[in-house]
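# Analysis of the macromolecular model
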Amino acid sequence: MPKTLAIIKPDAVKKNVIGKIITRIEDEGFKIAAMRQMRLSADEAKAFYIVHKAKPFFQGLSAFMSSGPIVVLMLERDDAITRWRDVMGATDPAKAAPGTLRHSFGFDIERNAVHGSDAAETAEWELNFFFKS
Ligand code: CMP
């Protein structure tokens, strides 16, 4: 079964909407194959977002992602990567369609509530980052 990585980011954890997001995940037909709450160090956040190293938002993003607890999930369903990206909505909550998680819970383009892998190779790398065994 195809898998993707989802992250409930520090802003959403702080807002107390972990349960609402997990309910939506289940309602959309995903199986949660693995899940844990954790906190990234600044170096771990940089390692996770290494692909964005050259971007102007890299330092801010790494600081934000290590600013509080996150919940990481391994999600399974057919077409998992695309389906999860549809449920999240556009990266910028201001541009995300009504009903998407980022529209409902995101604050701005950085603090956008949730993350999802963008392609099969990325999903494999990201899942391995958090769920090695
Ligand atoms: P995410 O799906 O986790 O992938 C990379 C993240 O970088 C993205 O969500 C946002 O949190 C962040 N991001 C993307 N573009 C910008 C931007 N222009 N300014 C600040 N943060 C950004």
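Higher on the page you've got the structure.
A quick note: this is a predicted structure, and the numbers were derived from the prediction, not measured.

How each quantity is defined
- Residues numbered from 1 in each chain as written.
- Predicted model: local features only at pLDDT ≥ 70, side-chain atom pairs only at ≥ 80, totals over all residues.
- Heavy atoms only, no water.
- 1 Å grid on protein atoms, 1.4 Å probe; cavity = no way out; pocket = protein on both sides within 12 Å on 5 of 7 lines; lining within 4 Å.
- Points joined across faces, edges and corners; volume = space filled by probe spheres on them.
- Helix = DSSP H or I, 4+ residues; strand = E, 2+ residues; numbered from the N terminus.
- Nonpolar A, V, L, I, M, F, W, Y, C, P; charged D, E, K, R; others polar.
- Polar contact = N/O pair within 3.5 Å; in protein donor to acceptor, adjacent residues only side chain to side chain.
- Contact = heavy atoms within 4.5 Å.
- Buried < 20%, exposed > 50% of the residue type's maximum accessible area, 1.4 Å probe, protein only.
- Arc of directions from axis to C-beta.
- Phe/Tyr/Trp six-rings, centres within 6.5 Å; stacked < 30°, edge-to-face > 60°.
- Lys NZ or Arg CZ within 6 Å of the ring centre and 35° of its normal.

## Brief notes about the layout of surface pockets
Taken as a whole, the largest pocket encloses approximately 530 Å³ of empty space. Put simply, the parts of the chain that give the lining of the largest pocket at least two residues each are α5 (80-88), β4 (114-116) and α7 (120-130). No other element matches α7, which puts three residues into the lining of the largest pocket. Its residues assigned to classes, the lining of the largest pocket comprises nine nonpolar, six polar and six charged.

## Quick notes on the side chain of T4
Here T4 is to be found in strand β1 (residues 3-8). Only 3.5 Å separates the side chain of T4 from the side chain of S117, close enough to count as a polar contact. With residues up to four places along the chain from it excluded, the contact list for T4 reads L73, M74, L75, A80, I81, W84, S117, A123 and L127.

## With respect to helix α4 (residues 58-65)
Turning to α4, its buried residues are F58, L61, S62, F64 and M65. Along the axis of α4, the buried positions cluster into a sector of 160°, meaning they face one direction only. Buried residues in α4 make contact with β1, α1 (10-14), α3 (42-48) and β3 (70-76).

## What about the environment of S67?
Relative to the helices and strands, S67 resides in the loop between α4 and β3. Classification of S67 as partly exposed rests on a relative accessible area of 32%. Residues S67 and D118, 51 residues apart in the sequence, show an inter-C-alpha distance of 23 Å. Not counting residues within four places of it along the chain, the set of residues in contact with S67 comprises P10 and R39. Here the side chain of S67 touches F64 through a polar contact of 2.6 Å, landing on its backbone oxygen.

## Details of the packing of aromatic side chains
Within the structure shown, the criterion is met by seven aromatic pairs. Three or more aromatic residues joined by ring pairs make a cluster, and in this case those are F48, Y49, W125, F129 and F130. The cationic tip of R36 hangs over the ring face of F131; the distance from NZ or CZ to the ring centre is 6.0 Å. The positively charged end of R77 is found above the aromatic ring belonging to F30, 5.7 Å away from the centroid.

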